[in-house]
Amino acid sequence: MTSFMILLLVVIFALSTGYYWIRDLQRNPKQDSRSPSDLKH
Amino acid sequence: MKHSRFIRVLKQSVPTTFRLFLGIVFLIYGLVKLYPGQFGVPGPDAVTTNGEGFVMAWTFFGYSRIYEIMIGLGEIISALLIMIPRTATLGAICYFPIVINVTMVNYVFEIGVQDLSTVMTIMCMILLWLDRDRLLLLLEKREKEETSL
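What counts as what
Residues numbered from 1 in each chain as written. Chains lettered and ligands numbered in written order. Predicted model: local features only at pLDDT ≥ 70, side-chain atom pairs only at ≥ 80, totals over all residues. Heavy atoms only, no water. Salt bridge = Lys/Arg side-chain N within 4 Å of Asp/Glu carboxyl O. Helix = DSSP H or I, 4+ residues; strand = E, 2+ residues; numbered from the N terminus. Buried < 20%, exposed > 50% of the residue type's maximum accessible area, 1.4 Å probe, protein only. Contact = heavy atoms within 4.5 Å. Buried area = accessible area lost by both parts, 1.4 Å probe. Polar contact = N/O pair within 3.5 Å; in protein donor to acceptor, adjacent residues only side chain to side chain. Nonpolar A, V, L, I, M, F, W, Y, C, P; charged D, E, K, R; others polar. UniProt positions renumbered as here; feature names shortened; annotations may be inferred. Axes fitted to C-alpha atoms, helices over the stretch in contact; angles between N-to-C directions. Parallel < 35°, antiparallel > 145°, perpendicular 65-115°, else oblique. Left-handed = near helix turned anticlockwise from the far one by under 90°. Expected span 1.5 Å × (residues − 1). 1 Å grid on protein atoms, 1.4 Å probe; cavity = no way out; pocket = protein on both sides within 12 Å on 5 of 7 lines; lining within 4 Å. Points joined across faces, edges and corners; volume = space filled by probe spheres on them.

### Some points on the pattern of salt bridges
Residues and elements named next belong to chain B.
At step 1: What the rule picks out here adds up to four salt bridges over all chains.
At step 2: For lysine 33, the salt bridge identified is with glutamate 75, shortest N-O distance 3.1 Å. With lysine 33 in helix H1 (residues 5-34) and glutamate 75 in helix H4 (residues 65-83), this pair connects stretches of sequence that are 42 residues apart.
At step 3: On the basis of relative accessible area, lysine 33 is assigned to the buried category, the value being 4%.
At step 4: Here glutamate 75 falls in the buried class, since its relative accessible area comes to 2%.

### Re the interface of chain B and chain A
At step 1: Listed as interface residues are 23 residues of chain B and, on the opposing side, 18 residues of chain A.
At step 2: A combined buried area of about 1,900 Å² lies between chain B and chain A, and 69% of that area is made up of carbon and sulfur atoms.
At step 3: For the pair chain B and chain A, the number of links is two salt bridges.
At step 4: Here arginine 5 of chain B makes a salt bridge to aspartate 24 of chain A, at a shortest N to O gap of 2.8 Å.
At step 5: Joining chain B to chain A, the criterion identifies seven residue pairs in polar contact (both at pLDDT 80 or more).
At step 6: Mapped onto the side of chain B that touches chain A, the elements with two or more residues apiece are H1 and helix H6 (114-130) of chain B.
At step 7: Looking at the side of chain B that touches chain A, the element that brings in the most residues is H1 of chain B, giving 16 residues.
At step 8: Class assignment of the residues belonging to the side of chain B that touches chain A gives a composition of 13 nonpolar, six polar and four charged.

### Some words on the UniProt feature "transmembrane region" (unreviewed entry) in chain B
Residue and element names in this part refer to chain B.
At step 1: In the UniProt entry, the feature "transmembrane region" (unreviewed entry) is given for residues 20-36, 56-81 and 88-105.
At step 2: Within residues 20-36, the helical portion is 88% and the strand portion 0%, while the C-alpha atoms at the span's ends are 24 Å from each other.
At step 3: Helix and strand shares over residues 56-81 are 96% and 0% respectively, and the end C-alpha atoms of the span are 32 Å apart.

### Focus on the packing of helix H1 (residues 3-27) of chain A against H1 of chain B
At step 1: Two elements in contact, H1 of chain A and H1 of chain B, have axes whose closest approach is 8 Å; the angle formed by their N-to-C orientations is 140°. In terms of axis orientation, H1 of chain A runs oblique to H1 of chain B. H1 of chain A and H1 of chain B meet at a crossing whose hand is right-handed.
At step 2: Its residues assigned to classes, the contact of H1 of chain A with H1 of chain B shows 19 nonpolar, six polar and four charged.

### Some remarks on H6 of chain B
At step 1: Taking 1.5 Å of rise per residue, 17 residues should cover 24 Å, and H6 of chain B covers 24 Å from first to last C-alpha, within 8% of that figure.
At step 2: Taken together, the buried positions of H6 of chain B are Gln114, Leu116, Ser117, Met120, Thr121, Met123, Cys124, Leu127 and Leu128 of chain B.

### Looking at the layout of surface pockets
All names here are of chain B.
At step 1: In this model, the largest pocket occupies a volume close to 420 Å³.
At step 2: Lining the largest pocket are 22 residues, and of these Lys33, Gln38, Phe39, Glu75 and Val102 lie nearest its centre.
At step 3: Sorting the residues of the lining of the largest pocket by element identifies H1, helix H3 (52-63), H4, helix H5 (88-108) and H6 as the ones contributing at least two each.
At step 4: Top element by residues in the lining of the largest pocket is H5. It accounts for six residues.
At step 5: Within the lining of the largest pocket, the residues separate by chemical class into 15 nonpolar, five polar and two charged.
At step 6: Around the second largest pocket, the lining comprises 15 residues; the ones closest to its centre are Pro15, Thr16, Arg19, Ala88 and Asp131.
At step 7: When contributions to the lining of the second largest pocket are tallied by element, the ones reaching two or more residues are H1, H5 and H6.
At step 8: When residues of the lining of the second largest pocket are assigned to their parent elements, the largest contribution, five residues, is made by H1.
At step 9: By residue class, the composition of the lining of the second largest pocket is eight nonpolar, three polar and four charged.

Laid out in structure tokens, this is it:
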């Protein structure tokens with residue numbers, strides 16, 4: 001595979017992952033975040 | 001149990017990456033076939049550099065300009081369909097036989113871009129596998145219609 005195609009694939013993956021990551025952050029802002037009470041256990 | 005954000009995002013971004021990559025590659029190849037044209041009778045030194053199979057395939061495909069345009073249009077239409085989320089399943093269905101044909105031509109005529117076409121075929125197969133529930137619904141509906149007749 002040519003290096004252009006690999007670069008294209010990497011760029012598309014990075015952009016789409018970034019897009020869906022931001023969208024997920026907006027929809028589930030509290031997911032993956034731990035409160036201090038969780039850390040006490 | 002809820003998936004972590006990373007897995008959740010990857011489940012969306014990987015199919016999107018495949019769709020856009022497949023679409024862009026076919027769009028490039030399809031547009032090149034329309035203008036200025038990808039095929040044609042290669043020069044006399046092409047046999048030594050690209051091989052006999054390449055010369056034979058390019059001569060065959062380039063014999064008819066209309067045939068080349070039709071191949072290009074098929075690639076462009078399936079590329080547009082696979083890139084639009086709403087028509088992605090239909091696009092994958094249209095895309096699959098074209099990319100299988102391209103891969104077979106690349107292998108049997110030793111064109112030289114077997115790796116790219118193989119990756120594209122695998123990506124299209126994964127997209128069809130991810131859409132298997134919708135595709136199976138088509139078969140299920142037809143079975144019901146057949147039984148009602």
